[in-house]
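Chains, contacts and geometry: an overview
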Amino acid sequence: MATTTKAIEQFQQVARALRDEVGRVIVGHELAVDHLLISLLAGGHSLIEGVPGLGKTMLVRTIAGALDLKYARVQFTPDLMPADITGTTIIRESESGTRRFEFEAGPLFANVVLADEINRATPKTQAALLEAMAEQTVTVAGETHRLESPFYVLATQNPIEMEGTYPLPEAQLDRFLFKVLVGYPTGEELEEILARTTTGAETAVRKVANGEDINGMIRLAREVPIAPHVTRYAVSLTKATHPEDADAPTAARRFVRYGASPRGAQALVLAAKVAALSDGRLNVSFEDIRYVLAPALRHRLILNFEAEAEGVDADSVLEEIAMVTLPEGG
Amino acid sequence: MTQTLTEVNLFRLVRAVSRRMWLKDTLRVGPRAIGLALLGIFVGQVLGPRLGTAAAVVVVLGVGAGLALVISRARRMPGSMAAAIQLDRGLDLKERVSTAIHLVETGAEGAVAAEQIADAGRHAWSVEVGSAYRVAMPWKDLGAVALLGIAVALLAVTPIGVGLREALESSVGTRSEISGTIDADTRSGTAGGHSDAALAESELDELKRALEQLEISSNPEALAQRAALEALGQELRTSSVSRGFGRELEDGNLAAAAAELGRLAEAMPEMNAGEIEKLQRDLERAAEITADDPILGAEFSRAAQSLGAGQRRAAGDDLARAAESVGQLAPVLAAEEDLQERIAALEREIGEREGAGGLPGTEGSEGTDPGSPAGTGELGGNLPGAGLESNAQGSERGEIEMLGLDERLDAAGELEIVRIDATEDAPPEDFAPPATQLNGDPESSLEPSAGDYGYVQPLPAIGDELSIDAGGVVADYFSDGERP
């Protein structure tokens, strides 16, 4: 038990250190940073959405910089081919003059992969990333290669420039544990950003965790117990996103075409476990579930035309769901 | 599996919360259940003497329901998990205790589970259940129950209560309920065949008191109103314009009469000058007859005046209002009729009990029995009969009306009531039409007259038609122009 106590303490320490280290470079975006770290420690992948210039790429680079892990950045463009990210088999000649095929690993063979502007690549290339994200393997020329753990994909996309982009299909969106929104900074935050970035002073990021730490934390998070009534709450929230469900609130019935999949409920529980551990608890609370509700489910709701016409987004639907769906004893 | 000290403490804490939850629920529901039972007793006391067995059933049901509620609550002691959830919620423990209880109950093993239980124990260690789960006495509810209990006790025991109960008894029922109860009492009394003279005397007094109450409740104005409307009905029944209204009034169907009057108001714009003049006279007569009724009389009068002034729309509105007033009278007069029936029945009962001699003031009770509709079947005797002739001309508006067997319309469209003399030697008539025949009848003398019954002229037989030699005509047409 002493080992466990130590592991829990270490979890909290590393999580706090990571948060602090990222916070030294990134001004504001505390919620986004917290959600990205939860996603990392839950062993999932994150899709970051925000207009250009808000520091999405910087945020990912900082997180990668705080981790003593192999980091790769892929700039997704329309002419990017699957082999460009997975790697390919090349002919290599030895000193003795013999030639043989050898696999040259692509950028996916890293621990933290930044897929920048993922929606600019063709569906073929996006699909190559899909296999890596879902199964942590890459298959080239009939040969399957296992990716190292931890494997964390952080993809960014820009919601306004739709020309020349290939929106991610729902199946691929569902593979992301979280969709994190990066918004505009406040006035004070903007002042701080200007002060940090226009003076020539550069803040170096220290590495506070390595792969072993992260893998240990992922394992520990999965062991966190959850009471049945808390699980039922997560289930109720997931079911409430289904427009045909009897308990679905009005917003879900009106604006949702397809609700969250079981993978959404898994994401809720898994992320809530990490949130509980980060808070120093070994049990999941209703509050943890609510804390991760929006990033875990917002990209899994497919809204209908009426929602689009009325400017209703997934977050407002989820907000009403959280308001209407009450936990037991609540 | 042995429980650790932490687990024991957790369960002790949860059980304490569970007991408090039960207590809180019971305190919330208990006074209501007792109140319900007391209310049952109270109602039983008030209605007991009137309803007999029914009151006893009410009391038993009231008490039973209250007790059942309390017992059902008592049986539902909240489980450990429910109590733990409430504890977590009450102290904002973020589901620590409920998760720990779940882990203990499911026998979860492992270092993380043990650490979680220990963590819950640490957080629950300093919890005082009393402060965490406060149980407040529902003083308001208890006070209300106490007051109700005292009221019931006073009503049952003290002389003031007994008097009050009698007063309540007399005011609880409506007029019909009172007379209905009296009827029930007298019936039971008669069936029981009381031999005790004193008891019979007291019952007789009670019947007389009830009769007095009913007579006080009776509304002579309504009777006068009814008589006036019947007279109006008799008057208008023979009118070519208002006879539908008059007939319904005479038959005592006030709702139907109101509908007829409404129809008359609607039809007014389409009436010709003669009909309008006739209607005006009818309305003037109606105003005279119902002059004692300040509402109806005035409405008829206004309608007549408006018609006289050529204001048909205003007259129509007045007539519509009069129709509404007549419709509103229907339930009032029906209630009065019911009351009179009860008074008559009670008078008969008292008369029977008092033996052969009639009671003063109850003479003619048979005559007041409104069982048979007044006025029906008598009018024919007052009007001269003049044979069985029917004028099928109908009204000027062309309405098709069904006339009664004793009614006919004269040339002016006025209704006449005829009396058929059973001894009159009327020539027998056979209205059965003869069968329609085709191709004539072998005996020409028996053929029906076409003018009387519609004789059918037989069609010529198709077989008798002349054939046309079309071939020759066509051949001639296409010949070289040499035509014969």
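Analysis parameters
Residues numbered from 1 in each chain as written. Chains lettered and ligands numbered in written order. Predicted model: local features only at pLDDT ≥ 70, side-chain atom pairs only at ≥ 80, totals over all residues. Heavy atoms only, no water. Helix = DSSP H or I, 4+ residues; strand = E, 2+ residues; numbered from the N terminus. Buried < 20%, exposed > 50% of the residue type's maximum accessible area, 1.4 Å probe, protein only. Contact = heavy atoms within 4.5 Å. Areas by Shrake-Rupley, 256 points an atom, 1.4 Å probe, with all protein chains shown as cover. Core = buried A, V, L, I, M, F, W, Y, C linked by side-chain atoms within 4.5 Å. Domains from an automatic or database assignment. 1 Å grid on protein atoms, 1.4 Å probe; cavity = no way out; pocket = protein on both sides within 12 Å on 5 of 7 lines; lining within 4 Å. Points joined across faces, edges and corners; volume = space filled by probe spheres on them. Nonpolar A, V, L, I, M, F, W, Y, C, P; charged D, E, K, R; others polar. Buried area = accessible area lost by both parts, 1.4 Å probe. Salt bridge = Lys/Arg side-chain N within 4 Å of Asp/Glu carboxyl O. Polar contact = N/O pair within 3.5 Å; in protein donor to acceptor, adjacent residues only side chain to side chain. Axes fitted to C-alpha atoms, helices over the stretch in contact; angles between N-to-C directions. Parallel < 35°, antiparallel > 145°, perpendicular 65-115°, else oblique. pLDDT = per-residue confidence, 0-100. Pairing = 2+ DSSP bridges. Patch = residues over 30% accessible without salt bridge, like charges linked within 9 Å, V, L, I, M, F, W, Y side chains within 5 Å. Phe/Tyr/Trp six-rings, centres within 6.5 Å; stacked < 30°, edge-to-face > 60°. Expected span 1.5 Å × (residues − 1). Arc of directions from axis to C-beta. Left-handed = near helix turned anticlockwise from the far one by under 90°.

A word on the overall build of chain A
From N to C terminus, chain A includes 14 helices and 13 strands. In chain A, which comprises 330 residues, the proportion classed as buried is 52%. Taking the intrachain contacts of chain A between residues at least 6 apart in sequence as the baseline, contacts between residues at least 24 apart amount to 76%. Only carbon and sulfur atoms are counted for the fraction: they give 52% of the accessible area of chain A, which is about 15400 Å².

Digging into the nonpolar core
Formed by 79 residues in total, the largest nonpolar core has its most connected members in L67, I214, L268 and I289 of chain A. Per element, the largest residue contribution to this core is nine residues, and it comes from helix 11 (residues 262–278) of chain A. When residues are assigned to domains, this core turns out to be shared by domain 1 (1–201) and domain 2 (224–330) of chain A, each giving three or more. In contact with L67 of chain A, other than residues within four places in its own chain, are L18, L40, V112, K207, A209 and I214 of chain A. Ranked by size, the runner-up nonpolar core spans 35 residues in total, among them L254, A265, I289 and L307 of chain B.

A few points about the layout of surface pockets
Residues and elements named next belong to chain A. Of the voids in this model, the largest pocket is the one considered here, and its volume is about 740 Å³. Lining the largest pocket are 23 residues; nearest its centre among them are E49, L173, K179, R298 and L301. Going through the elements one at a time, helix 6 (170–173), strand 10 (178–181), strand 13 (302–303), helix 13 (305–310) and helix 14 (314–324) are the ones with two or more residues in the lining of the largest pocket. In terms of residue class, the lining of the largest pocket is made up of twelve nonpolar, four polar and seven charged. Taken together, domain 1 (1–201) and domain 2 (224–330) each give at least three residues to the lining of the largest pocket, which thus spans both. Of the voids in this model, the second largest pocket is the one considered here, and its volume is about 550 Å³. Around the second largest pocket, the lining is made up of 21 residues, and of these V25, I26, M58, T62 and T197 lie nearest the centre. Mapped onto the lining of the second largest pocket, the elements with two or more residues apiece are helix 3 (56–66) and helix 7 (187–197). No other element matches helix 7, which puts four residues into the lining of the second largest pocket. Among the residues forming the lining of the second largest pocket, the class breakdown is ten nonpolar, eight polar and three charged.

Description of the interface of chain B and chain A
Taken together, the 18 residues of chain B in the interface contact 25 residues of chain A. A buried area of about 1700 Å², summed over both sides, lies between chain B and chain A, and 64% of it is on carbon and sulfur atoms. Connecting chain B to chain A are two salt bridges. Note that K94 of chain B and D279 of chain A form a salt bridge whose closest N and O atoms lie 3.8 Å from each other. Between chain B and chain A we count five residue pairs in polar contact (both at pLDDT 80 or more) in total. Secondary-structure elements contributing two or more residues to the side of chain B that touches chain A are helix 3 (80–91), helix 4 (96–105) and helix 5 (111–125) of chain B. A total of seven residues in the side of chain B that touches chain A trace back to one element, the largest contributor, which is helix 5 of chain B.

So, the packing of helix 8 (residues 211–223) of chain A against helix 11 of chain A
Residues and elements named next belong to chain A. It is the contact of helix 8 with helix 11, at a shortest axis distance of 8 Å, that shows an interaxial angle of 105°. Looking at the two axes, helix 8 sits roughly perpendicular to helix 11. Along the contact surface, helix 8 presents L220, A221 and R222, while helix 11 presents L270, K273, V274 and L277. The residue makeup of the contact of helix 8 with helix 11, split by class, is five nonpolar, no polar and two charged.

So, the confidence of the model for chain B
Residues and elements named next belong to chain B. Per-residue confidence for chain B averages 70 on the pLDDT scale, and 59% of its residues sit at or above 70. Segment residues 356–401: pLDDT under 50, and 53 contacts once partners within four positions in sequence are set aside and those in other chains are kept. Scored below 50 in pLDDT, residues 447–455 shows eleven contacts in the model against residues more than four places distant or in partner chains. Confidence metrics for the complex model read pTM 0.56 and ipTM 0.82.

Side note on the sheet that holds strand 9 (residues 152–157) of chain A
Residues and elements named next belong to chain A. In spatial order, the strands read 3-6-9-1-10; together these five strands make up an open sheet with parallel pairing. Bordering the open sheet on either side are strand 3 (71–75) and strand 10, each of which pairs with just one other strand. Mean inter-strand twist for the sheet, computed between neighbouring axes without regard to direction, equals 20°. Examined bridge by bridge, strand 3 and strand 6 (residues 112–116) share five bridges and lie parallel to one another. Within strand 6, the position partnered with A72 by the bridge is V113.

Comments concerning the pairing of strand 1 (residues 46–49) of chain A
Regular strands show a simple pattern: their side chains alternate between the two faces of the sheet. Residue and element names in this part refer to chain A. Of the two faces of strand 1, the one holding S46 and I48 and the one holding L47 and E49 are both buried throughout. By the bridge criterion, four bridges tie strand 1 to strand 9 in an arrangement that is parallel. Within strand 9, the position partnered with L47 by the bridge is A155. As paired strands, strand 1 and strand 10 are joined by four bridges and run parallel to one another. What sits directly across from S46, in strand 10, is F178.

A short note on the pattern of salt bridges
All names here are of chain A. Inspection of the entire model under this criterion finds 36 salt bridges over all chains. Note that D174 and R263 form a salt bridge whose closest N and O atoms lie 3.1 Å from each other. Of this pair, D174 sits in the loop between helix 6 and strand 10 while R263 sits in helix 11; the two residues are 89 residues apart in sequence, bridging distant segments of the chain.

Remarks on a nonpolar patch on the surface
A grouping of L147, I150 and L154 of chain B is seen on the molecular surface, where their side chains present a nonpolar patch of about 300 Å² in accessible area. Take I150 of chain B: it is sitting in helix 7 (residues 139–157).

Notes on the packing of aromatic side chains
Counted by the stated rule, this structure contains three aromatic pairs over all chains. Ring centres of F103 of chain A and F109 of chain A lie 5.6 Å apart, and the angle between their planes is 65°; on these two criteria the pair is classed as edge-to-face. A residue is classified by how much of its surface remains accessible, and F103 of chain A, at 23% relative accessible area, is partly exposed. Centroid distance F245 of chain B to F300 of chain B: 6.3 Å. Interplanar angle 55°. Geometry classified as tilted. Highlighted residues: F245 of chain B in helix 12 (residues 243–251) and F300 of chain B in helix 15 (residues 296–308), separated in sequence by 55 residues.

Quick look at the pairing of strand 7 (residues 137–140) of chain A
Residue and element names in this part refer to chain A. Bridge analysis of strand 7 against strand 8 (residues 143–146) gives four bridges, and the strand direction is antiparallel. When the sheet's bridge partners are listed, T139 is paired in strand 8 with T144. In sequence, strand 7 turns back onto strand 8 through a hairpin of two residues, with A141 there showing a positive phi of about 55°.

Some thoughts on helix 11 of chain A
Residue and element names in this part refer to chain A. In this model, helix 11 (17 residues) spans 24 Å end to end at C-alpha, consistent with the 24 Å of a helix rising 1.5 Å per residue. In terms of burial, helix 11 is a largely internal element, 13 of the 17 residues being buried. After helix 11 finishes, the residue G280 shows a positive phi value of roughly 85°.

Notes on helix 5 (residues 123–135) of chain A
Residue and element names in this part refer to chain A. End to end, helix 5 covers 18 Å across 13 residues, agreeing with the expected 18 Å (1.5 Å per residue, within 8%). Every buried residue of helix 5 is listed here: T125, Q126, A128, L129, A132 and M133. All buried residues of helix 5 project into a common sector of 155° when viewed along the axis, lining one side. The exposed residues of helix 5 that point more than 90 degrees off its buried face are K124 and E135.

Considerations on the packing of helix 11 (residues 220–236) of chain B against helix 12 of chain B
To describe two helices that pack against each other, one gives the angle between their axes and the distance between the axes. Residue and element names in this part refer to chain B. Packing of helix 11 against helix 12 brings their axes to within 7 Å, and their N-to-C directions diverge by 140°. Classified by the angle their axes make, helix 11 and helix 12 are oblique. The handedness of the crossing between helix 11 and helix 12 comes out as left-handed. When helix 11 is examined against helix 12, the residues L229, E230, L232, G233, Q234 and L236 are found in contact with a partner set consisting of R243, F245, G246, L249 and E250.

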